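# Reading the structure
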Amino acid sequence: MTRSTGGRRSGDPLKAAEAAFKKATTKPVEGPPKAAAIPGVKETVTLRIDQDVLAFFQEDGPGWQDRINAALRKVAGKSDD
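Quick caveat: nothing in here was measured; it's all calculated off a predicted structure. (Residues numbered from 1 in each chain as written. Predicted model: local features only at pLDDT ≥ 70, side-chain atom pairs only at ≥ 80, totals over all residues. Heavy atoms only, no water.)

## A few points about the pattern of salt bridges
A side chain of one charge can pair with a side chain of the opposite charge when the charged atoms of the two come close. Under the counting rule described, the total for this entry stands at 1 salt bridge. A salt bridge links K42 to D66; the nearest nitrogen and oxygen atoms lie 3.8 Å apart. In this pair, K42 sits in the loop between α1 (13-25) and α2 (51-58) while D66 sits in helix α3 (residues 64-75), placing the two residues 24 residues apart along the sequence. For K42, a relative accessible area of 59% translates into the label exposed. (Salt bridge = Lys/Arg side-chain N within 4 Å of Asp/Glu carboxyl O. Helix = DSSP H or I, 4+ residues; strand = E, 2+ residues; numbered from the N terminus. Buried < 20%, exposed > 50% of the residue type's maximum accessible area, 1.4 Å probe, protein only.)

## Description of the layout of surface pockets
Taken as a whole, the largest pocket encloses approximately 900 Å³ of empty space. What lines the largest pocket is a set of 23 residues, among which K42, E43, T44, V45 and N69 lie closest to the centre. Looking at which element gives the most residues to the lining of the largest pocket, the answer is α3, with 7 residues. Split by residue class, the lining of the largest pocket holds 13 nonpolar, 4 polar and 6 charged. (1 Å grid on protein atoms, 1.4 Å probe; cavity = no way out; pocket = protein on both sides within 12 Å on 5 of 7 lines; lining within 4 Å. Points joined across faces, edges and corners; volume = space filled by probe spheres on them. Nonpolar A, V, L, I, M, F, W, Y, C, P; charged D, E, K, R; others polar.)

## Some thoughts on a nonpolar patch on the surface
Judged by side-chain polarity, V45, L47, I49, V53 and L72 come together as a nonpolar surface patch covering roughly 460 Å² of accessible area. Assignment of secondary structure puts L47 in the loop between α1 and α2. Take L47: its relative accessible area is 56%, and that puts it in the exposed class. (Patch = residues over 30% accessible without salt bridge, like charges linked within 9 Å, V, L, I, M, F, W, Y side chains within 5 Å. Areas by Shrake-Rupley, 256 points an atom, 1.4 Å probe, with all protein chains shown as cover.)

## Notes on α3
Spanning 12 residues, α3 covers 17 Å between terminal C-alpha atoms, matching the ideal 16 Å at 1.5 Å per step. G77 occupies a position one or two residues after α3 and carries a positive phi of about 75°. (Expected span 1.5 Å × (residues − 1).)

## Notes on the confidence of the model for the protein chain
Looking at the protein chain, the pLDDT average stands at 82 and 85% of residues meet or exceed 70. Mean pLDDT across the elements of the protein chain ranges from a minimum in α1, with 85, to a maximum in α2, with 96. (pLDDT = per-residue confidence, 0-100.)

See the structure below:
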């Protein structure tokens, strides 16, 4: 007597689990790459930094955002000087 598979799934459950895991963890395909940054053009961003770090850069008054940018450029190896 032959049994019907009824509601059972056919195939290897391990392969099915691996396929489901791969689908859930694979990075989605990104769109076209962003255009190259235009030198000297700044982008507005929101940045969360510690209060004491912000106070350090604001101590000297206006221009604190430029000082933060200069410090980040130096650390990133992007200094112009």
